[in-house]
Amino acid sequence: MTLFHMALEQTFLAIKPDGVQRGLVGEILGRFERKGFKLIALKQLTPSRDLAEKHYGVHRERPFFGGLVDFITSGPVVAMVWEGDGVIASARKMIGATKPLEAEPGTIRGDLAVNIGRNVIHGSDGPETAKFEISLWFQSSELNDWIPAEQVWRVEE
Ligand code: UDP
Ligand code: MG
């Protein structure tokens, strides 16, 4: 059997304070585990204002920016890096539309949220954002790569 290394992507995901307060951490982690993505880093923290403002910097001029930063710094966030083929777009699909009432059933927001300001989870929206967000939230020493025991089952397409 040939072992090979596919072109892997990494993405940054964060369970927001509402997801943590509502006890949804296990439910959400389980979805990405069951899908088959690989957990590379995980930590729980209450973000500083500086971190939150950098993370949402692209929205700085939007009317919801202040409230968004207030909320994201109001309590614990579970920050994660996940790896896998196509994980950036796939995680966005699994998360669902920004407005939970427009998110499809089966998605995290579609199943677990109703309010745009309390939509449970963040996910990077592209490769550049993913790179930026991973390095904003994590030191490189916190990223732990590992070889899944079932790696030999992976097949080339
Ligand atoms: N948001 C909000 N009001 C809006 C638009 C966005 O409170 O009108 C919040 C919402 O929590 C969203 C976050 O700002 O998740 C970032 O917005 P973005 O458009 O990047 O949505 P996402 O990438 O999270 O789907
Ligand atoms: Mg976004």
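This is a predicted model, so every value here is computed, not measured. (Residues numbered from 1 in each chain as written. Chains lettered and ligands numbered in written order. Predicted model: local features only at pLDDT ≥ 70, side-chain atom pairs only at ≥ 80, totals over all residues. Heavy atoms only, no water.)

## Regarding the overall build of the protein
Counting its regular elements, the protein contains seven helices and four strands. Order of helices (α) and strands (β) in the protein, N terminus to C terminus: β-α-α-β-α-α-β-α-α-β-α. For 157 residues, the compact-globule estimate of 2.2 N^0.38 gives 15 Å, and the C-alpha radius of gyration of the protein, at 16 Å, lies within 12% of that figure. Its C-alpha atoms give the protein principal-axis dimensions of roughly 55 × 35 × 25 Å. When each of the 157 residues of the protein is scored for burial, the buried share is 44%. For the protein, the proportion of contacts with a sequence separation of at least 24, taken over those separated by at least 6, is 79%. Only carbon and sulfur atoms are counted for the fraction: they give 53% of the accessible area of the protein, which is about 9,000 Å². Placing the 18 positive and 21 negative side-chain charges of the protein at their respective mean positions leaves the two points 5 Å apart. (Helix = DSSP H or I, 4+ residues; strand = E, 2+ residues; numbered from the N terminus. Rg over C-alpha atoms; globule rule 2.2 N^0.38 Å. Buried < 20%, exposed > 50% of the residue type's maximum accessible area, 1.4 Å probe, protein only. Contact = heavy atoms within 4.5 Å. Areas by Shrake-Rupley, 256 points an atom, 1.4 Å probe, with all protein chains shown as cover. Lys, Arg positive; Asp, Glu negative; His and termini not counted. Charge placed at Lys NZ, Arg CZ, Asp CG, Glu CD.)

## Remarks on the sheet that holds strand 2 (residues 38–45)
Strand order in the open sheet formed by four strands is 2-3-1-4, with antiparallel pairing between adjacent strands. Two strands close off the open sheet at either side, each with one partner strand: strand 2 and strand 4 (121–123). Ignoring which end each strand starts from, the neighbouring axes of this sheet average 15° apart. Pairing of strand 1 (residues 9–15) with strand 3 (residues 77–84) involves seven bridges; the strand directions are antiparallel. If you follow Ala-14 over to strand 3, its bridge partner there is Ala-79. (Pairing = 2+ DSSP bridges. Axes fitted to C-alpha atoms, helices over the stretch in contact; angles between N-to-C directions.)

## So, the pairing of strand 1
Within a regular strand, the side chains alternate between the two sheet faces. Counting buried positions over the seven residues of strand 1 gives five, a clear majority of the element. Relative to strand 4, strand 1 runs antiparallel, the two sharing three bridges. Considered in strand 4, the bridge of Ala-14 is made with His-122.

## Notes on the site of ligand 1
Taken together, Lys-16, Tyr-56, His-59, Phe-64, Leu-68, Arg-92, Thr-98, Arg-109, Ile-116, Gly-117 and Asn-119 make up all the residues around ligand 1. In the environment of ligand 1, an oxygen atom lies 2.8 Å from a nitrogen or oxygen atom belonging to the side chain of Arg-92. Here an oxygen atom of ligand 1 and a side-chain polar atom of Thr-98 are 2.5 Å apart. Burial of ligand 1 by the protein amounts to 79% of the accessible area it has alone, namely 500 Å². Tallied by class, residues from the shell around ligand 1 come to four nonpolar, four polar and three charged. (Near = heavy atom within 4 Å. Polar contact = N/O pair within 3.5 Å; in protein donor to acceptor, adjacent residues only side chain to side chain. Nonpolar A, V, L, I, M, F, W, Y, C, P; charged D, E, K, R; others polar.)

## Concerning the pattern of salt bridges
Under the definition given, this model contains eight salt bridges. Between Asp-145 and Lys-38 there is a salt bridge whose closest N-O contact spans 3.0 Å. Note that Asp-145 is positioned in the segment after helix 7 (127–137) and Lys-38 in strand 2, a separation of 107 residues in sequence. Residue Asp-145 is classed as partly exposed on the basis of its relative accessible area, which comes to 49%. With a shortest N-O distance of 3.0 Å, Asp-50 and Lys-54 are connected by a salt bridge. You can see Asp-50 and its partner Lys-54 sitting in helix 3 (residues 49–55), four residues apart, about one turn around the helix. A single salt-bridge network, built from bridges that share partners, covers Glu-27, Arg-31 and Asp-111. (Salt bridge = Lys/Arg side-chain N within 4 Å of Asp/Glu carboxyl O.)

## Overview of unusual backbone geometry
Phi angles above zero are rare outside glycine, and Val-120 is one such case at about 75°. Checked against the element boundaries, Val-120 lands in the loop between helix 6 (108–112) and strand 4. Residue classification places Val-120 among the buried residues on the basis of a relative accessible area of 0%.

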